[in-house]
Amino acid sequence: MKGLGTFIRVLRLAPPHRVVALGLLMLVLSATEGIGLMLLVPLLEFVAGGLGQNPIAAAIIRVLSFFGLPSDIRGLLSFFILLIVFRAGLQFLRERVSVVLRQELVDALRTNCLSNLLHAEWSWLAKQTRSDHVNLVMHEVSRIGAGLQSGIGLSATGTAVAAYLVTAFVISPEMTVLVAASGGMIYLLMTRLRRHAHALGQEQGQVNRAMMATVQESLSAIRLSKLLGNESRHLQFLTDSLANVRRNSIAFALNISTARMMQQVLGAVMLAFYIFAGLEWLKVGLPELLTLVLIFSRLTPQFMALQNQQNQLLHMASAAAEIFDFLDESAKMAEPPSPAQAEQWPVKNAIELRGVYLHYEGRARPALDGIELTLPACATTAVIGHSGAGKSTLADVLTGLLMPDQGQLLVDGTAVEGTERKRWMRAVSYVPQDVFLFHDTIRANLLWGYPEASEQTLETALRRAAAEFVFDLPLGLETVVGDAGLRLSGGERQRIALARALLQRPSLLILDEATSALDRENETRIRAAIEALHGDLTVLLIGHRHATLQHADNVVVMETGRILRQGGWDEIGVSDID
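The structure reproduced in this document is the subject of the present report. Here the residue numbering is sequential within each chain, running from 1 through the sequence in written order. Under the rules for a predicted model, residues below a pLDDT of 70 receive no local features and side-chain atom pairs below 80 are neither given nor counted, while totals for whole chains, interfaces and linings still include all residues. Hydrogens are left out, water is left out, and the side-chain values use all remaining heavy atoms of the structure.

Read across the open sheet, the four strands follow the order β2-β1-β4-β5; overall the sheet is antiparallel. Whereas interior strands pair on both sides, the edge strands pair on one side only; in this sheet they are β2 (368–376) and β5 (414–415). We call two strands paired when DSSP finds no fewer than two bridges between them. Where helices and strands are cited, they refer to DSSP runs of H or I of at least four residues and of E of at least two residues respectively, numbered from the N terminus. Pairing of strand β1 (residues 350–358) with β2 involves seven bridges; the strand directions are antiparallel. What sits directly across from Val356, in β2, is Ile371. Contacts are residue-level and defined by heavy atoms, with any inter-residue pair within 4.5 Å sufficient. What counts as an axis is a line fitted to C-alpha atoms, over the stretch in contact for a helix, and the angles between N-to-C directions run from 0 to 180 degrees. Contacts between helix α13 (residues 391–399) and the sheet are confined to β1, β2 and β4 (406–411), with β1 contributing the most and set at about 120 degrees to the helix.

This is the structure:
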């Protein structure tokens, strides 16, 4: 059955004991359903004037005797009530196991997706779209949750249908074969609707991604939209995206409704046909026929449920395929594993780049072209150059975030590769021009750099980063910075980010235009703080302002991915700074 393979693959992620428990509960429930239906035969015979020689009635009487119940109407009714109570308890357990199983699987898929994203190579992540990842983790996994519910329902309905058919076969094999054949015919008539459901599922993934991209871009560009007066344009984009999602959802709902309507009409026709065939052709006894009519009347909605649940599975299949493809691809692009212990990696001699080449996909010119560079330990090196010269890419290679296509990054002669790469990444602090702060307190943002930091340590880091403004805030360290730090000015955000970087006690500190948003006074204070670090750790400064860079021990001039010159200020000339 199409879509069932996807359901089984998702189900394999669940704890085996829960799957086994759910399967056993479904089987027992189906068996008790069949027994309850068989009880109708002796009950109807009692109503008609007493038990006859019907083998089903005889078997029921033996069961009553086994449980010490009288072989009369009181015993039959008592056994029927006990059976219903037992079934109700089992049904509650099945629903509980089903809900827990579904939620655990959805959580596991979300966790796996996010884990793979967090551990994937940056070079691969940089080619992806953030909104696609958000859509995958939230919307597509939710679709799988709905599909799982339908798949579990499909399994429960299937076992119930099997119980009905077995019960009916015991009463009348001929009538059961007739019902099974007609049910198969109805299933074939619904083939086109199932294909349509699968196609709508694939389209749903596309329209969800488009809507998520529109929402994210609109929210990220609110400030720009206000300045440009383009609010209505963003609203129109969102309206169009929502309309596509709505059309797809309506089409799928109509697909389900069409299937339900066809099954109701065909079910009524087939039930009338079963009664006629039983009375006129097969000459089935009245108690047996009434029991069969009840069974077949229950089978009709069960067949409808099977069709609808399979449509839901087919609708989910594309989401599951997308998630499994993502998990497979991201697993192949995983970074090397982290070392068992986060050991420090002090730089004793130098950090070196030897013959480093790095290309970005879609660009003819390499981003880094044969870089040979040495950063002496505990010295400050400045990197300057025009926009697009490769300065930030150079920084990403030095952090270990990007691995070069050719060449090596070495620290004191040790190649930074394999598990050593993650160890080195932990020893580097990087402060970019556009810093990121979590929507949390200043304290919480700082503790990302050093979770065990004491109050005194936090205060020292803030002062070294010229961020004493924090102490003048009404709530101090407990001040909430807002979404991405929007409640702070650009300069304040950069100083918080610098304090966080210093808390990491790095072996290499990289400042990528990190003082560009500061006024002269605060830039002077941060420059003094950087100068105070001289001799304690290795510092790489990327920037343009001569006042910030003038105390660097070495200066590297880059252009189009190459190093043009390097040396002291007297050797390279101040005019090379933009």
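Here we come to the packing of aromatic side chains. Classification of ring pairs uses Phe, Tyr and Trp, with its six-membered ring standing for Trp, and accepts pairs whose centres are within 6.5 Å; under 30 degrees between planes counts as stacked, over 60 as edge-to-face, and the remaining range as tilted. Overall, the coordinates contain six aromatic pairs when judged by the stated rule. Ring centres 5.7 Å apart and planes at 75 degrees place the aromatic pair Phe273 and Trp281 in the edge-to-face group. Assessed through its relative accessible area of 29%, Phe273 is described here as partly exposed. Judged by centre distance (5.1 Å) and plane angle (85 degrees), the rings of Phe436 and Phe438 are edge-to-face. Remark: exposure states derive from per-residue accessible area (1.4 Å probe, protein chains only) relative to the maximum for the residue type, with buried under 20%, exposed over 50%, and partly exposed in between. The class for Phe436 is partly exposed, based on a relative accessible area of 49%. Put simply, the rings of Phe273, Phe276 and Trp281 touch in pairs and so form one group of aromatic residues.

On to the environment of Ala31, then. Inspection of the secondary structure assignment puts Ala31 in helix α2 (residues 16–38). A relative accessible area of 42% means that Ala31 is categorised as partly exposed. Linking Ala31 and Met425, residues 394 residues apart in sequence, is a C-alpha distance of 60 Å.

A few words on the side chain of Thr157. With respect to the helices and strands, Thr157 occurs in helix α7 (residues 130–171). Apart from the residues within four sequence positions on either side, Thr157 is in contact with Gln302, Ala305, Leu306 and Gln309.

This paragraph deals with the pairing of strand β3 (residues 380–385). Counting buried residues along β3, six of its six residues qualify, which places the element largely inside the surrounding structure. Every second residue of β3 is oriented toward a common face, with Thr380, Ala382 and Ile384 on one face and Thr381, Val383 and Gly385 on the other, all of them buried. Pairing of β3 with strand β9 (residues 554–559) involves five bridges; the strand directions are parallel. Each bridged residue has a counterpart across the sheet, and for Val383 the counterpart in β9 is Val556.

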